[in-house]
Amino acid sequence: MIALHVAGIVAEYNPFHTGHAYQIAQTKAAFPGDCAVVAVMSGNWVQQTHCAVADKWRRAQIALMGGVDLVLELPTVWATASAESFAWGAVSLLHGTGVVDVLSFGSEYGEVGPLEQVAACLDRPDCQERLHTLIGQGMSMASARESAVREQIGWEGKLLATPNNNLGIEYIRALRRLDSPITPMTVRREGAGHNVLLAPQEMTQPNSTGSKARSFVSATQLRECLSQGLWSQAEPYFVPGERGILEQGGELPSLVQIERAMLARVRTMSQTDWAGLPDSGGEEGLTQRLERAGRQCVSMEDFYQQVKTKRYTHARIRRLALWAYLGIRAQDIPAQPPYLRALAFNSRGRELLRAMKERAQLPIVTKPAHAQKLEQAGQALFSLESRCTDLYDLCFPSVVKPGREWTTGPVIMVVERKDAMETTGG
């Protein structure tokens with residue numbers, strides 16, 4: 001029997017930390033009777049166009065240790081996209097399970113009502129018309145969205161200025177677009193803000209409860225600690241056992257390892273090549289800037305600086321460069337996800353998968369071999385995901401043998417008795 005409530009969460013868990021555990025705990029507390037958790041998690045590449053600190057199977061295993069019951073993969077074509085596309089892919093997967101009835105997300109504001117108002121405003125034709133007018137006047141997408149909503153409904157427009165509010169609004173818009181019965185709820189983000197970096201001494205200052213460490217820091221902070229080898233500073237924010245799993249992978253992956261491969265790609269891209277990528281802005285003149293910068297740059301940071309303007313943000317240019325490296329074209333992105341892929345599950349997650357076999361709107365992939373039975377769109381996307389994993393593995397100091405996507409099964413953590421747990425994978 002599955003839970004009375006099944007909450008869906010969208011996350012990168014890059015890495016999993018106390019803030020994520022807090023969200024899961026608060027979500028379960030909102031449904032004290034019985035609540036299972038399904039997480040849609042980015043694979044090996046994440047939205048800020050970085051390689052994840054550990055591969056998706058290790059991060060999925062840690063998510064189970066942190067309170068998630070079933071981890072589904074968000075394919076790279078959506079995981080590395082803008083907030084709107086990221087949310088669409090993730091929410092489509094949760095909706096497609098047929099078992100999720102609540103979508104829980106973190107936000108700076110902490111109340112869902114005003115976020116729903118902004119979502120409804122953005123979906124109105126008059127707001128969209130004003131948005132395109134402002135973009136045509138040279139505003140960036142982010143600034144134009146906030147201004148258009150402020151003009152339409154007032155102060156709520158400022159909610160778009162903060163990243164978690166903005167993403168939550170896109171989750172709600174995706175639910176509206178799908179006419180989904182899933183109910184949105186939000187948990188207020190506590191502690192350090194998104195992407196905030198503290199000085200090392202600040203991480204050890206007592207908080208209001210008197211503990212020796214802050215309760216929450218950003219994932220950006222933890223990645224910075226790990227990149228500098230400061231594991232002891234990061235570990236207090238991990239779940240028990242997480243450090244060991246992260247360290248099993250050896251040295252952490254880094255974009256530094258593929259700098260020249262990315263340079264080689266942008267140097268050989270023509271305007272036509274760039275125009276074939278998602279969000280390439282061919283009609284805006286962006287492809288010319290991309291080609292010219294590719295012919296002149298001496299590093300990837302140099303490339304980003306040459307292309308970016310007030311209108312063409314650094315984040316957008318980084319996405320385009322990553323898509324170029326991965327070979328992701330606009331035509332490779334399906335209108336909706338064509339399958340549900342399980343990366344990890346526990347005993348409760350196994351029950352959810354059984355229920356999904358009866359209720360899901362999409363085929364379920366629990367073993368790589370299942371991908372060969374998918375329809376053409378599903379097979380094509382799984383093959384693309386395999387390439388993305390092979391290219392991710394080049395980010396490690398020691399090159400990993402390709403083909404892991406086809407040989408690695410889900411992580412399974414099944415409690416057989418109170419004092420024993422079986423963990424399998426592959």
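Structural data are supplied above this passage.
Presented here is an overview of the structure given in this document. Starting afresh in each chain, residues are numbered from 1 along the sequence in its written order. The predicted nature of this model means local features are confined to residues of pLDDT at least 70 and side-chain atom pairs, given and counted, to a pLDDT of 80 or more, with totals for whole chains, interfaces and linings taken over all residues. Working from all heavy atoms in the structure, the side-chain values ignore hydrogens and water.

### A few points about the packing of aromatic side chains
Piece 1. Planes of paired rings set the category: under 30 degrees apart is stacked, over 60 is edge-to-face and the rest tilted, where pairs are Phe, Tyr or Trp rings (Trp by its six-membered ring) whose centres lie within 6.5 Å. Counted by the stated rule, this structure contains eleven aromatic pairs.
Piece 2. Relative to Trp155, the ring of Tyr109 lies with its centre 5.9 Å away and its plane at 45 degrees, an arrangement referred to as tilted. Taken together, the positions of Tyr109 in the loop between β4 (102-107) and α5 (112-122) and Trp155 in the loop between α7 (141-153) and α8 (163-178) put the pair 46 residues apart, joining distant regions of the chain.
Piece 3. Relative accessibility under 20% of the residue-type maximum defines a buried residue, over 50% an exposed one, and the middle range a partly exposed one, all with a 1.4 Å probe and only protein chains included. A relative accessible area of 40% places Trp155 in the partly exposed class.
Piece 4. Look at Tyr392 and Phe396: their rings are 5.5 Å apart centre to centre, the planes differ by 90 degrees, and that puts the pair in the edge-to-face class. With respect to class, Tyr392 is no different from Phe396; both count as buried.
Piece 5. Counting every residue linked through ring pairs, the aromatic cluster contains Trp45, Tyr325, Tyr392 and Phe396. Numbered from the N terminus, helices here are DSSP runs of H or I no shorter than four residues, and strands are runs of E no shorter than two.

### A closer look at the environment of Phe31
Piece 1. With respect to the helices, strands and loops of the structure, Phe31 is situated in the loop between α1 (18-29) and β2 (35-42).
Piece 2. Through-space distance from the C-alpha of Phe31 to that of Val6 is 9.5 Å; in sequence the pair is 25 residues apart.

### Observations concerning the pairing of strand β1 (residues 5-11)
Piece 1. Within β1, six of the seven residues are buried, which leaves it mostly tucked inside the rest of the structure.
Piece 2. In this scheme, strands are said to pair when DSSP sees at least two bridges between them. As defined by bridge partners, β1 adjoins β2 across seven bridges and the pair is classed as parallel. Following the sheet pairing, His5 is matched in β2 by Cys35.
Piece 3. Pairing analysis gives three bridges linking β1 to β4, with the strands arranged parallel. When the bridges of β4 are listed, Ala7 appears paired with Val102.

### A word on the nonpolar core
Piece 1. The nonpolar core is taken to be a set of buried Ala, Val, Leu, Ile, Met, Phe, Trp, Tyr and Cys residues, with the residues joined through side-chain atoms within 4.5 Å. Formed by 96 residues in total, the largest nonpolar core has its most connected members in Trp45, Leu70, Leu103, Tyr171, Trp274 and Phe303.
Piece 2. Any two residues having at least one pair of non-hydrogen atoms within 4.5 Å are treated as being in contact. Filtering out sequence-adjacent residues up to four positions away, Leu103 remains in contact with Gly8, Val10, Val91, Leu94, Tyr171, Leu175, Ile182, Thr183, Pro184 and Met185.
Piece 3. Core analysis: the next-biggest nonpolar cluster, separate from the first, contains 31 residues, Trp57, Val217, Leu226 and Tyr237 among them.

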